[in-house]
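Here's the letter readout for the chains.
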Amino acid sequence: MQRFKLSTAIAAAVMLLLPSASLADDMSFMFRSHGVVVETGNVPSQPVPDTGDGLDVASATFKVSVNKPFEFDLRNLVRSDGIDPSSVTFAVADGNTAPAWLTLAADGLLSGLPPLEETVDLTVRAKVGDRSVTRRYKLEVFNALLAKKVVTGDSTTCAITLDDGAKCWGWGREGQLGNGNGANWSELPVRVSGLDGRVKDLAVGTTAVTTVCALLDDATVSCWGRYPGNGSTMSRIPVAVPGLNNVTSIAVGNTHACAAKTDGSVWCWGDNPLGQRGTALDGIALKPMRADLVAPAIVSLSAGSQHTCGLTVTGAGYCWGNNGVGQLGNGTRSYDFQSNILSPSPTATEVVGLTDIVQISAGYYHTCAIDGSWRVYCWGSGMIGELGDRGANSPALLSPAEAVIISSAESIAAGSQFSCAMSAGSVKCWGWGRGGRLGIGTDANWEWPNSTFPLPDIEIENGYIEPSTSPSSDEAAPVVGMQSGVSHISVSTRGGCGLMTDQRVKCWGENYPGRIGDGTDVDRWSPVYVRSGEP
């Protein structure tokens, strides 16, 4: 495999991946190699004088997880014009010792299998001929969260742990963390109280003031946070939702939640200003009430901000609630421009034109579905390209149209004015990019037409820098580091998360107050691994 030095031009492209990057002497950028996130320019300067005479190598911090192979070619950090990186040799500097698990080869390959959490400071001397420089490298080894499923909401994210419990992180002022301690937020996962060994599914709401629910192994439901469904307005620990048994699916929106039972009925609670509970009744229901749905039996649910959709056993989709921009997909909308009145739509209506739906996902103001041929269809708001129709139906589409920006998908997730799809373990997104919610290495939008964002012209894979072809703007954008090995995706208002086949979790997007779970509140324009947090 051919190797390329990190020239100034390539460095500039790579630095699109980090908002604070610059081409100054303390050049800072972030990219990925095999099993590692690399951040350069954020470690102390070299400890001894250099005799480089034109040889320049970047310092770096490597973030790797315990018991996962780590590999990086330091020659990718050579940033000197006129010097062939393959001519540079590397060695641990005199007076410095690498831990037993870490190996540095003369050709610059730094590799190992870290056995425990620790921080390693390594001083390395790079040499070509009689010129040499010394650089410090920091390796931050952390325990990654291992999970069976991850579900992200507006400001809170939760995951099903390997022992069928649950962990949550992010915003917790209304009790969304479920651990009972009253913390306003947590930047690392904390264990939800009382659910170990029982969790089969999770649902997290689309606003900061929201509900979190768990579907348990006995087909009952427990919830916590705002409007937990037991008659109270808030709970900091999971409480059983009365009357919910034989449940097959759960969904949570802004301030409402719903559950579908094996008999096909739907039960909802919380707020109902636009009929999202499937009833015309006003006010807040603190306990579940049966939705007044004239529809076939519902087997699965998805909730947007203020609308809810259900999928029937025959593959038909039914939606109810807010239809201001056509997100119910029935060919109409409930907003009257002349009177400026948005009317509730509590009656479930069938999504027109789709009869073989295999998955439906309700976003904030739009909805997407996959049919039996694995084609993606979207409808509702199309202001920023979230429908994937290349702008043909912006700003709103009242009935489904094919998302031609992506050829096929096995899973679809609709967020707040953006959408993501997964196919063969690869994830692509399109629409609104604020805060890095698309996970594509920038906070720019990915819409049609697109003339503002060129993808970086390199990829980092297995420690090598390789030329790549940027997709044209009529294709969905690939999520960085998630082009293989992804088994599940979830998106919401401000970003997304993915479960990898090795059971580690990656998240991206806006990160206040810690919804990504990496121990910081820094926005992540590209996916990063979630830390394990509490045992």
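Look above for the structure.
A short tour of the structure in this document, coming up. Remember, predicted model here, so these are calculated numbers, not experimental data. (Residues numbered from 1 in each chain as written. Predicted model: local features only at pLDDT ≥ 70, side-chain atom pairs only at ≥ 80, totals over all residues. Heavy atoms only, no water.)

**Some remarks on the sheet that holds strand β33 (residues 418-423)**
The line we're drawing: Pairing between strands is defined by DSSP: at least two bridges between the two strands are required. We count a stretch as a helix when DSSP gives it H or I for four or more residues in a row; a strand needs E for two or more, and each element gets its number in order from the N terminus.
Ordered by their spatial adjacency, four strands build an open sheet running β32-β33-β34-β37, and the pairing between neighbours is antiparallel. Two strands bound the open sheet, and with one partner strand each, they are β32 (411-414) and β37 (477-478). In the sheet, strand β34 (residues 426-431) pairs with β37 via two bridges, with the strands oriented antiparallel. Bridge pairing in β37 places K428 opposite P478.

**Quick word on the sheet that holds strand β30 (residues 376-381)**
Selection rule: Convention adopted: a line fitted to C-alpha atoms gives each axis, helices being fitted over their contacting stretch, and angles between N-to-C directions are expressed from 0 to 180 degrees.
Strand order in the open sheet formed by four strands is β28-β29-β30-β31, and the pairing between neighbours is antiparallel. Edge positions in the sheet fall to β28 (357-362) and β31 (396-402), since each has one partner strand and no second. Along the sheet, successive strands turn relative to each other by an average axial angle of 10°, direction set aside. Inspection of the sheet shows strand β29 (residues 366-371) paired to β30 by five bridges, in the antiparallel sense. Bridging from a neighbouring strand, I370 pairs with V376 of β30.

**Description of the packing of aromatic side chains**
Each aromatic ring pair is described using two quantities: the centre-to-centre distance and the angle formed by the ring planes. Worth spelling out the cut-off: Any Phe, Tyr or Trp ring, taking Trp's six-membered ring, that has another such ring centre within 6.5 Å forms a pair; planes under 30 degrees apart are called stacked, those over 60 apart edge-to-face, and the others tilted. Two limits define a charge over a ring: the Lys NZ or Arg CZ must be within 6 Å of the ring centre, and within 35 degrees of the ring normal.
Applying the stated criterion across every chain yields a total of seven aromatic pairs. Every member of this aromatic cluster is reached through a ring pair, and the members are F62, F70, F72 and Y137. The ring centre of Y227 lies 5.8 Å from the NZ or CZ of R226, which sits over that ring. In this structure, K261 packs its charged tip against the face of W267, placed 4.5 Å from the ring centre.

**What to know about the side chain of T312**
Quick note on the threshold: Every residue pair with non-hydrogen atoms within 4.5 Å of one another is taken to be in contact.
Turning to its location among the elements, T312 is positioned in strand β23 (residues 307-312). Among all residues touching T312, those that are not within four sequence positions of it are P296, A297, I298, V299 and Y318.

**Overview of the nonpolar core**
The following threshold applies: For the purposes of this section, nonpolar cores are sets of buried Ala, Val, Leu, Ile, Met, Phe, Trp, Tyr and Cys residues that join through side-chain atoms within 4.5 Å. Burial here depends on accessible area, computed with a 1.4 Å probe over protein chains only, as a share of the maximum for the residue type. Under 20% is buried, over 50% is exposed, and the range in between is partly exposed.
Of all hydrophobic cores here, the largest spans 45 residues; its most connected members are I360, V376, W379, C420, V427 and W430. Residues within four places of V427 in sequence aside, it is in contact with C420, A421, M422, A477, P478, V479, M482, Q483, V486 and I489. One finds V57, L110, V124 and V141 within the second-largest nonpolar core, a separate group that totals 28 residues.

**Considering the layout of surface pockets**
So the rule is basically this: Here a cavity denotes grid points, spaced 1 Å and computed from the protein atoms alone, that fit a 1.4 Å probe unable to get out, and a pocket denotes an open set having protein on both sides within 12 Å along at least 5 of 7 lines; residues with an atom within 4 Å of a point are the lining. Grid points are joined across faces, edges and corners, and a volume is the space filled by probe spheres set on the points.
Estimated volume of the second largest pocket: approximately 690 Å³. Lining the second largest pocket are 36 residues, with V151, L301, S302, Q359 and S361 positioned closest to its centre. Elements with a minimum of two residues in the lining of the second largest pocket: β10 (147-152), β14 (199-204), β18 (247-252), β22 (298-303), β28, β32 and β38 (486-491). With five residues, the top contributor of residues to the lining of the second largest pocket is β18.

**Observations concerning the pairing of strand β20 (residues 266-270)**
Burial within β20 is extensive, with four of its five residues counted as buried. In the sheet, strand β19 (residues 256-261) pairs with β20 via five bridges, with the strands oriented antiparallel. Within β20, the residue paired with A257 across the bridge is W269. Between β19 and β20, which follow one another and run antiparallel, lie four residues, and G264 among them has a positive phi close to 90°. By the bridge criterion, three bridges tie β20 to strand β21 (residues 285-290) in an arrangement that is antiparallel. The residue of β21 that forms the bridge with W267 is R290.

Shape descriptors only; they carry no functional weight alone.
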